[in-house]
Protein chains: 2
Amino acid sequence: MTIVTETSARGRMRLAKEAGRGVGLLDDATKARALYAIADAIDGAADEIVAANAEDLDRGVRHGLAEGLRDRLRLDAPRVAALASAVRDVAALPDPVGRVLETRTIGGGIELTKVSVPFGVIGAIYEARPNVTVDIAALALRSGNAVVLRGGTAAEATNAALVAAMRGALDEVGIDPEAIQTIDAFGREGARELMTARGLIDLLVPRGSAQLIETVVTESTVPVIETGAGVVHIVIDASARPDWAREIVVNAKAQRPSVCNAVETVLVHRDALGLVPDLLDALEDAGVTVHGDEAIRALSPRVVAATDEDWATEHLSLDLSMRVVDDLDAALAHIRTYSTHHTESIITEDVANAERFLAEVDSAAVLHNASTRFTDGGEFGFGAEVGISTQKLHARGPMGLPELTSIKWIGRGAGHVRS
Amino acid sequence: MTIVTETSARGRMRLAKEAGRGVGLLDDATKARALYAIADAIDGAADEIVAANAEDLDRGVRHGLAEGLRDRLRLDAPRVAALASAVRDVAALPDPVGRVLETRTIGGGIELTKVSVPFGVIGAIYEARPNVTVDIAALALRSGNAVVLRGGTAAEATNAALVAAMRGALDEVGIDPEAIQTIDAFGREGARELMTARGLIDLLVPRGSAQLIETVVTESTVPVIETGAGVVHIVIDASARPDWAREIVVNAKAQRPSVCNAVETVLVHRDALGLVPDLLDALEDAGVTVHGDEAIRALSPRVVAATDEDWATEHLSLDLSMRVVDDLDAALAHIRTYSTHHTESIITEDVANAERFLAEVDSAAVLHNASTRFTDGGEFGFGAEVGISTQKLHARGPMGLPELTSIKWIGRGAGHVRS
């Protein structure tokens, strides 16, 4: 087992940077072997990990951590096994490094190739979800990057146990264990150092609440990818098929309400109001509370009054905002005002309206006659998901392993000079 | 001619955002037509532009602006014609928007496509170079984006004349002229608003001095692409061909010393010292002053003593730092310490050393037996250059039109829900 001797956040980032140079040059088979070793080490350390997690949970109870947060923090034996299994899935993915993306001959004979390369060091800031500790470390290593993890003090003991297991596994297979670093011990000051470590952190990924992401985006001077927050809309157009409207809205809200691709607001074209009573019944059967405007409330006494705040709210619960719009223009205007640019869907039989919606809505994913729940790395066939980018720089929508690489231009000449 | 009525920087950014929605949906031919109209308008307004520029130059003289800066600011009739001609070149480039980058079927029948889309609004912060005003506006429009320009108060009158001509041209061809905005009039406060306009500016590109770029990168909360600064290295390995070493180093330093891809430091393997006297002669013939370490100075009395500061300096002049290294490891360590990750080249006949250099040096462009001057959008065949990215997120190295686009996932289903 590796002893951690570096006692400053910046010192650990420097170690990650150095280790990253070696990790970036590893071949496919070695990186895969490292990940299988990590999975085995997590399985082997399951008892220690669960015991460390019990410590964190105890402290959570003493500090009044909400039950929902404690559930996300909790690791029992089956959850630890699932973590290890997810690492094996990442190990089996193709190497995203070294892909030749373009070749051309320039300058009268220089052979120029554009190849994918690792970023170097990926930083992650997240809240008390120990699964992110393992997920991000595995994805970073698979793509040839070192990683610096800042998972929050509520999960400090769990994260320390997971990181110790992962570092031990790297050591065993002959890879510098400094490629995986945790800076949980350095509190808020450590997080601040991570966000401003220009030259040491090549990419910072925040995962968690809208507030955490906002803080990271506004306070960071290192490159950041904004992920996650989803005030997701479905438009039920005048010509929507009632059965598809019902099935898609119920699926998008109720199948898993706590995730970012769940729908939060349904906009109903005035001419489609006839299908709403059935839709409200189906939503009620699924346990959903609808927050509606006047026109929706007139259709059912079970609809609660929507407030202005509802339109901007990511409920992440079995709550759904619903309002009537006069036409597609009004729906697009509402989406422009309230969307977080994650996913929006339209249910319509009118192809022209569908195409207009797909062209004009400025979101990572735009769908026609499909549930918003499909915006997901697994569903898109990526094999793994780093997060869902809601920004437009570098990556947009579900991010897989290739999004954890940058590029490099390599030119091979024979004494070429520019004329 | 369009009247500018909006009197706040933020108001102008809002107008750009709205106009950007329309510009993003324009087809290829319309965008090309708009650019040809802009080129004609610049030609047509040449007298006004030169007169406005004379105002800026007069003020520059009064305020003691250095002659080098005044030269960059100066627009005479031939330079105005060259600006218009560059816009016509951009008009002739292929549309980077609407490319289908990937297609796949997911969820048992949803047709998913990944297409290139405009960013929306591109911001640019630069110093008194009026050519950037036209270049960036043309590149942004060609890629379906609106643009907000902040070119500095020293060029305010020139930029205003250029922007007026460009906006007038948009109006003529029926495109919302608010797609081109200047916020020079709002001074430093306007620049600060631009850097923090989350939700209004989708991408900010700084162009100019290392200090300007550092300020923009550290103070911005909107996504930024870091461009430009180049402390560029050439390594002359033990087995380097003397003629190639001489030709490449002279070309890389002297062909155009003021640009970011010009070499700043040459690292000479101790076993290649024999070729240095000839190299020093050739550099002297080209007017270059060499700043050398002890071993280099021992070879010629014309070499001045290098200071520690030299290794970190982007001279941008006919000055060149030169030092001897014991081996390739020492050269790589020097580059790790001082490189700005722009371009480095190795001159060697040893293929293993070349491949190690190309793999290990962490720069946008890495070259073997070729001049560093090739790292350029034009040389790479991009047809136009937005800048040279020295970061790893989104774009790295020369950026062409495709780098001014993001992507969107479009899914077309038939009532698909997630199971």
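Residues numbered from 1 in each chain as written. Chains lettered and ligands numbered in written order. Predicted model: local features only at pLDDT ≥ 70, side-chain atom pairs only at ≥ 80, totals over all residues. Heavy atoms only, no water.

### Points about the overall build of chain A
We apply this condition: Segments assigned H or I by DSSP are reported as helices when at least four residues long, segments assigned E as strands when at least two residues long, and all are numbered from the N terminus. This radius of gyration counts C-alpha atoms alone. The globule rule is 2.2 Å times how many residues there are, raised to the power 0.38. Any residue under 20% of the maximum accessible area for its type is buried, any over 50% is exposed, and the rest in between are partly exposed; the area is computed with a 1.4 Å probe on protein chains only. For every accessible area listed, the method is Shrake-Rupley and the probe measures 1.4 Å; residues are considered covered only by the protein chains on display. Think of it this way: Lys and Arg go in the positive column, Asp and Glu in the negative one, and His and the chain ends go nowhere. Where a charge lies is defined by one atom per residue type: Lys uses NZ, Arg uses CZ, Asp uses CG and Glu uses CD.
When its secondary structure is counted, chain A shows 15 helices and 16 strands. Taken over C-alpha atoms, the radius of gyration comes to 24 Å for chain A, in line with the 22 Å a tight globule of 419 residues would show. With respect to the principal axes defined by its C-alpha atoms, chain A has extents near 70 × 70 × 35 Å. When the 419 residues of chain A are sorted by exposure, 57% land in the buried category. Accessible surface computed for chain A: about 15400 Å², of which carbon and sulfur atoms make up 50%. One finds the centroid of the 41 positive side-chain charges in chain A at a distance of 6 Å from the centroid of its 61 negative side-chain charges.

### Describing the relation of the copies chain A and chain B
The cut-off we apply is this: To superpose the copies, least squares is applied to the C-alpha atoms of every residue with a pLDDT of at least 70 in both. Note on definitions: a residue-residue contact is assigned when non-hydrogen atoms from the two residues lie within 4.5 Å.
Aligned on chain B, chain A shows an RMSD of 0.0 Å; the corresponding rotation is 180° and the shift along the axis is 0.0 Å. Such values leave the two copies arranged in the relation of a two-fold axis. Rotation axis and chain A: the residue whose C-alpha lies nearest the axis is His 394 of chain A, separated from it by 1.8 Å. Take the interface residues of chain A: 100% of them recur as interface residues in chain B, which is what a same-surface contact looks like.

### Here we look at the packing of helix H14 (residues 328-338) of chain B against helix H15 (residues 351-360) of chain B
All names here are of chain B. Rules: Axes, fitted as lines to C-alpha atoms, cover a helix only where it is in contact. Angles between the N-to-C directions of the axes lie from 0 to 180 degrees. Oblique is the label for any angle not covered by the other classes, which are roughly parallel (under 35 degrees), roughly antiparallel (over 145) and roughly perpendicular (65 to 115). Note on convention: near helix rotated counterclockwise from far helix by under a right angle means a left-handed crossing. Clockwise means right-handed.
Two numbers describe how H14 lies on H15: the axes approach to 12 Å, and their chain directions differ by 20°. One way to sum up the angle between H14 and H15 is to call them roughly parallel. In this structure, H14 crosses over H15, and the sense of that crossing is right-handed. Contacts between H14 and H15 involve Leu 328, Asp 329, Leu 332 and Ile 335 from the former and Asn 353, Arg 356, Phe 357 and Glu 360 from the latter.

### So, the environment of Pro 94 of chain A
All names here are of chain A. Tracing the sequence through the fold places Pro 94 in the loop between helix H5 (77-91) and strand E1 (100-106). Expressed as a C-alpha distance, the spacing of Pro 94 and Arg 142, which sit 48 residues apart in the sequence, is 8.8 Å. Ignoring sequence-local partners within four residues, the contact set of Pro 94 consists of Arg 142 and Leu 401.

### Side note on the side chain of Arg 70 of chain B
Residues and elements named next belong to chain B. Heads up, the rule is: By the criterion applied in these results, polar contacts are pairs of N or O atoms within 3.5 Å in which, for protein atoms, one can donate a hydrogen and the other can accept it, and in which residues neighboring in sequence qualify only through two side-chain atoms.
Relative to the elements of secondary structure, Arg 70 occurs in helix H4 (residues 67-73). Within the structure, Arg 70 has its side chain in polar contact with the backbone oxygen of Leu 65 (distance 3.0 Å). Once residues lying within four places of it in the same chain are set aside, the contact partners of Arg 70 are Leu 57, Gly 60, Val 61 and Leu 65.

### Quick look at the interface of chain A and chain B
For the record, the criterion: Computed with a 1.4 Å rolling probe, the buried area is the accessible surface lost when two parts are put together, summed over both parts. Any carboxyl oxygen of Asp or Glu within 4 Å of a side-chain nitrogen of Lys or Arg constitutes a salt bridge here.
Contacts between the two partners involve 72 residues from chain A, matched on the other side by 72 residues from chain B. Around 6000 Å² of area is buried between chain A and chain B when both sides are counted, 53% of it from carbon and sulfur atoms. Linking chain A with chain B are 12 salt bridges. Put simply, chain A and chain B have 53 residue pairs in polar contact (both at pLDDT 80 or more) between them.

### Section: the side chain of His 416 of chain A
Mapped onto the elements of the fold, His 416 of chain A is located in strand E16 (residues 405-416). In this structure, His 416 of chain A is in contact with Gly 107, Gly 108, Gly 109 and Ile 110 of chain A together with Ile 248, Asn 369, Ala 370, Ser 371 and Phe 374 of chain B, ignoring residues within four places of it in sequence.

### Here we look at the sheet that holds strand E13 (residues 365-370) of chain A
Which entries qualify depends on this criterion: Strand pairing is assigned whenever DSSP identifies at least 2 bridges connecting the two strands.
Pairing in this open sheet of 10 strands is mixed, and the strands run E10(A)-E9(A)-E11(A)-E8(A)-E7(A)-E12(A)-E13(A)-E16(B)-E2(B)-E1(B) from one edge to the other. Looking at which strands have only one partner, the edges of the open sheet turn out to be strand E10 (304-305) of chain A together with strand E1 (100-106) of chain B. Here strand E9 (residues 289-292) of chain A runs beside E10 of chain A; their pairing, made up of 2 bridges, is parallel. Paired with Gly 292 of chain A across the two strands is Ala 305 of chain A, which belongs to E10 of chain A.

### Thoughts on a negative patch on the surface
As a reminder of what qualifies: Any residue with relative accessible area above 30% and no salt bridge may belong to a patch, with like charges joined within 9 Å and the nonpolar Val, Leu, Ile, Met, Phe, Trp and Tyr side chains within 5 Å.
Where like charges cluster on the molecular surface, the negative patch consists of Glu 18, Asp 171, Glu 172 and Asp 176 of chain A. Relative to the helices and strands, Glu 18 of chain A is located in helix H1 (residues 9-24).

### Some points on the UniProt feature "domain: Aldehyde dehydrogenase" (unreviewed entry) in chain A
To keep things clear, this is the line we draw: UniProt positions are given in the numbering used here, feature names are shortened, and annotations may be inferred rather than shown by experiment.
With numbering aligned to this structure, UniProt lists the feature "domain: Aldehyde dehydrogenase" (unreviewed entry) at residues 10-272 of chain A. Secondary structure across residues 10-272 of chain A comprises 51% helix and 18% strand; the distance between its end C-alpha atoms is 58 Å.

### Observations concerning the confidence of the model for chain A
Counted only if it meets this: The quantity called pLDDT is the predictor's confidence in a given residue, expressed from 0 to 100.
With 99% of its residues at a pLDDT of 70 or more, chain A shows a mean pLDDT of 95. Here the complex is predicted with pTM 0.93, and the ipTM for its interfaces comes to 0.93.

### Thoughts on the pairing of strand E11 (residues 319-325) of chain B
Residue and element names in this part refer to chain B. Of all 7 residues in E11, 5 are buried; the element is thus mostly enclosed. Pairing geometry for strand E8 (residues 263-269) and E11, over 5 bridges, is parallel. In the strand pairing of E11, Leu 267 is matched with Arg 323.

### With respect to the pattern of salt bridges
On inspection of all chains with the given rule, the structure shows 58 salt bridges over all chains. Residue Asp 43 of chain A pairs with Arg 88 of chain A through a salt bridge whose shortest N-O separation is 2.8 Å. With Asp 43 of chain A in helix H2 (residues 28-44) and Arg 88 of chain A in helix H5, this residue pair connects regions lying 45 residues apart in the sequence. Take Asp 43 of chain A: its relative accessible area is 33%, and that puts it in the partly exposed class. Using a relative accessible area of 26% as the deciding quantity, one classes Arg 88 of chain A as partly exposed. The partner of Arg 418 of chain B in a salt bridge is Glu 379 of chain A, with the nearest N and O atoms 3.1 Å apart. Pair noted here: Arg 418 of chain B is in the segment after strand E16 (405-416) and Glu 379 of chain A is in the loop between E13 and strand E14 (387-389), and the two residues belong to different chains. Overall, Glu 379 of chain A belongs to the partly exposed group, its relative accessible area being 24%. Each of Lys 17 and Asp 202 of chain A together with Asp 362, Lys 392 and Arg 396 of chain B takes part in one network of salt bridges that share partners.

### So, unusual backbone geometry
Phi is positive for His 394 of chain A, which is not a glycine, with a value near 75°. Tracing the backbone through its elements, the reader meets His 394 of chain A in the loop between E14 and strand E15 (397-399). Positive phi, close to 65°, is recorded for His 341 of chain B, a residue that is not glycine.

### A short note on helix H7 (residues 156-172) of chain B
Residues and elements named next belong to chain B. Spelled out, the test is: The span one expects for a helix is its residue count, reduced by one, times 1.5 Å.
For H7, which comprises 17 residues, the first-to-last C-alpha distance of 24 Å matches the rise-based estimate of 24 Å (1.5 Å per residue) to within 8%. Of all 17 residues in H7, 12 are buried, a share of seventy percent or more. Within the span of H7, buried status applies to Ala 157, Thr 158, Asn 159, Ala 161, Leu 162, Val 163, Ala 165, Met 166, Arg 167, Gly 168, Ala 169 and Leu 170. Count one or two residues on from H7 and you reach Gly 174, which has phi positive near 80°.

### Looking at the sheet that holds strand E5 (residues 180-182) of chain A
Residue and element names in this part refer to chain A. Taken together, the 4 strands give an open sheet; going across it, the order is E5-E4-E3-E6, and neighbouring strands pair in parallel fashion. Because the sheet does not close on itself, it has two edges, and the strands there are E5 and strand E6 (203-207). Sheet twist, expressed as the mean angle between neighbouring strand axes with direction ignored, is 20°. Pairing of strand E4 (residues 146-150) with E5, which is carried by 3 bridges, proceeds in the parallel orientation. When the bridges of E5 are listed, Val 148 appears paired with Gln 181.

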